[in-house]
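Below, each chain spelled out in residue letters.
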Amino acid sequence: MKKIATAVIIIFHLVGLLGFLIPAAIPYFLKLVPFHLLLMFAVIIFSYNADVKRLLLFVSGVFLCGYLVEVLGVHTGKIFGSYYYGDTLGYKVAAVPLLMGVNWVILIFSVGQTMKALKIRNSIAASALGAAVLVCFDFFLEPVAMKFNYWQWDWHEIPVQNYVAWYIVSVILLKFYYALGLKQQKYIGPAMFLSQLVFFVVLFMTA
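Residues numbered from 1 in each chain as written. Predicted model: local features only at pLDDT ≥ 70, side-chain atom pairs only at ≥ 80, totals over all residues. Heavy atoms only, no water.

1. A few points about the pattern of salt bridges
For the coordinates displayed, the defined rule picks out two salt bridges. The closest approach of N and O atoms between D87 and K92, which form a salt bridge, is 3.6 Å. Overall, the relative accessible area of 62% leaves D87 in the exposed class. (Salt bridge = Lys/Arg side-chain N within 4 Å of Asp/Glu carboxyl O. Buried < 20%, exposed > 50% of the residue type's maximum accessible area, 1.4 Å probe, protein only.)

2. Re the packing of helix α4 (residues 99-117) against helix α6 (residues 160-179)
A pair of packed helices is captured by two measures, namely the crossing angle of their axes and the spacing between those axes. Closest axis-to-axis distance for the α4/α6 pair is 10 Å, and the angle between their directions is 65°. By the angle class used here, α4 and α6 are roughly perpendicular. For the crossing formed where α4 meets α6, the hand is right-handed. On the side of α4, the interface is formed by W104, L107, I108, F109, V111, G112, Q113, M115 and K116, while α6 contributes W166, V169, S170, L173, L174, Y177 and Y178. Class assignment for the residues of the contact of α4 with α6 results in 12 nonpolar, three polar and one charged. (Axes fitted to C-alpha atoms, helices over the stretch in contact; angles between N-to-C directions. Helix = DSSP H or I, 4+ residues; strand = E, 2+ residues; numbered from the N terminus. Parallel < 35°, antiparallel > 145°, perpendicular 65-115°, else oblique. Left-handed = near helix turned anticlockwise from the far one by under 90°. Contact = heavy atoms within 4.5 Å. Nonpolar A, V, L, I, M, F, W, Y, C, P; charged D, E, K, R; others polar.)

3. Description of the side chain of S127
Inspection of the secondary structure assignment puts S127 in helix α5 (residues 123-147). Those residues within four positions of S127 in sequence are excluded, and the remaining contacts are V171, L174, K175 and Y178.

4. Some details on the side chain of K116
Here K116 is to be found in helix α4. As a buried residue without a salt bridge, K116 has its nearest oppositely charged side chain in D51, at a separation of 12 Å. For K116, the residues in contact, after removing those within four places along its chain, are Y177, Y178, G181, L182, K183 and Q184. (Lys, Arg positive; Asp, Glu negative; His and termini not counted.)

Here is the structure:
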């Protein structure tokens, strides 16, 4: 099951990357972005082979916190800076795509699992390092997200405030992840994170 799930993660990211690198295919692949995120979310849920109640608590907690932070961020401009969402990520409630909650779940789970794979046992150190890794990931994500209308920054400038907020939110959510003691899932987390990282780094370099 783990190997099949890992193969699905890698193959779908590679196919998506190829689609985004072919100009004529981009409009079609943009429509598939929400389905891709939901598929990755489903892979995490259905491949997990430990305490499902803890996993559901993690998913619901991170989804809710991540989504509400985005709502506050969009409507106040005080958290990440002044930005708004485009149409790529699908259906919105309060001007924020519901999939942003899903995206936070995927990122926190995959980075948390990756830190465990690196044998970082201390939850504070793992949360701090994992958050730093996510900020680096966001550095590559932001220009690509703007190009493909995931979201847009006012004046097309990404503020430093955004990266500071990403770090703080990530530390809090990763600490929540470790507090729940979710079992390490071999291959799944690192494959998910590295696939996303490669996807956005390549598109960053070609944007």
